Structures are given as C-alpha cells and as structure tokens.
Amino acid sequence: MKRFSLFLISLLFVSLGMFAQNGLNINKVFGGKYVTDPQVSETVMTGDHRLLRKRNLTTLATFSGPYDKYASILQPLVLKDGQKAKGRDVRFKNGKLEYAFFILPPTVIEGKKVNRYLYYLNNESKKQNASVMLIYFDGTIDRFHAETLIN
C-alpha cells in the first residue's frame, strides 16, 4: 500500500509539472512513447528539485535521439509550437530546421506567471552519431537566463 501511495503522489507531481506544457505539440514526444528505443534519452523533471530551484525552473523536459529516426517527427511539432512564440531565433540548413530557440507565451499556474521556452538542435552535420535534441523548460526564469542556460 505504501508503494502505491508513493506512486500516486509522484504521478501527481509529474502531471502538475506537465501542466505548463499542455496545449503544446511537443507534448506528443514526452511520456515514454519512444524510450523503448535504446538510442533515445528522455528526462522530465518537475517539482521541488534542487537543480530546478537553482535555475528558477518548475519543469525541465529533454529528449534526444538519432537524427534519421526522429528529426522528421520533432521538426513539425517544434515549428508548429514556434508559430505561437513571442520571440525566436531559428536557423535552417538545406531546408531542414537546424536550430530553434522559442520564447513561448507565458502561462499562469497557481497564480504565478510561468515563462516557457523551447529549444531544438539538429546536428545532422555530424557524420557519426547525428542526433536531434529537444528541450522544454519553464519557470520564473527570464529570457537572459534562459539563453544562458541553453548556451
């Protein structure tokens, strides 16, 4: 019974953290859909975690996988979410999205303004181990610190 209670509590924290991602197309990538692929790495952090607190974040979600399998899945989702962005830095190479940093419209959670950011990197130019990476994060972090965090 104790393990079941802990499971329910952790599920509640994950769902609260993902609330800021609601309405985003990239949400389709997270949640373990692709983690059966041993080349995929997915991390979702929410709640009162020291790493998040230190950077004024409430959610940090990352996804990375091989370019040839996942670029065609991620690129349209990222570009669709980027259409709503308040700020953007986007680069294409050979008609493919190479880099994107989007400042998404903020949302309000529990009476607090939550700033949201989306980062995408395609390193197809690397001949071996070409991969794509997607990072979503939100919190009270401002634009300057968000850009610094990505760099």
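The structure under discussion appears in the preceding block.
What you see is a predicted model; the values in this text were computed from it and never measured. (Residues numbered from 1 in each chain as written. Predicted model: local features only at pLDDT ≥ 70, side-chain atom pairs only at ≥ 80, totals over all residues. Heavy atoms only, no water.)

Novice: Is there a simple way to think about helix H3 (residues 67–82) in this case?
Specialist: The α-helix winds at 3.6 residues per turn, so residues separated by three or four positions along the chain end up facing the same way. The largest bend in H3 amounts to roughly 30° and is located at Leu-74, with the proline Pro-76 lying one to four residues further along. Restricting attention to buried positions, one finds in H3 the residues Tyr-67, Tyr-70, Ala-71, Leu-74, Gln-75, Leu-77, Val-78, Asp-81 and Gly-82. Looking at the buried side of H3, the elements it contacts are strand E2 (57–66), strand E3 (87–93), strand E4 (96–109), strand E5 (112–122) and strand E6 (131–139). (Bend = angle between axes of the 7 residues up to and from the residue. Helix = DSSP H or I, 4+ residues; strand = E, 2+ residues; numbered from the N terminus. Buried < 20%, exposed > 50% of the residue type's maximum accessible area, 1.4 Å probe, protein only. Contact = heavy atoms within 4.5 Å.)

Novice: Just to check I follow, could you spell out the sheet that holds E2 for this structure?
Specialist: Paired through backbone hydrogen bonds, the strands of a sheet run either parallel or antiparallel to each other. Spatial strand order, E1-E2-E6-E5-E4-E3: six strands in an open sheet with antiparallel pairing. Two strands lie at the open edges of the sheet, namely strand E1 (41–46) and E3, each paired on one side alone. Between one strand axis and the next, the sheet turns by 10° as a mean value, whatever way the strands run. Direction of pairing for E2 relative to E6: antiparallel, over a ladder of nine bridges. (Pairing = 2+ DSSP bridges. Axes fitted to C-alpha atoms, helices over the stretch in contact; angles between N-to-C directions.)

Novice: I would appreciate a short explanation of the side chain of Asn-25 in the present structure.
Specialist: Locating Asn-25 in the fold gives a position in the loop between helix H1 (2–18) and E1. The class for Asn-25 is buried, based on a relative accessible area of 13%. Apart from residues lying up to four places away in sequence, Asn-25 is in contact with Leu-77, Lys-80, Asp-81 and Lys-84.

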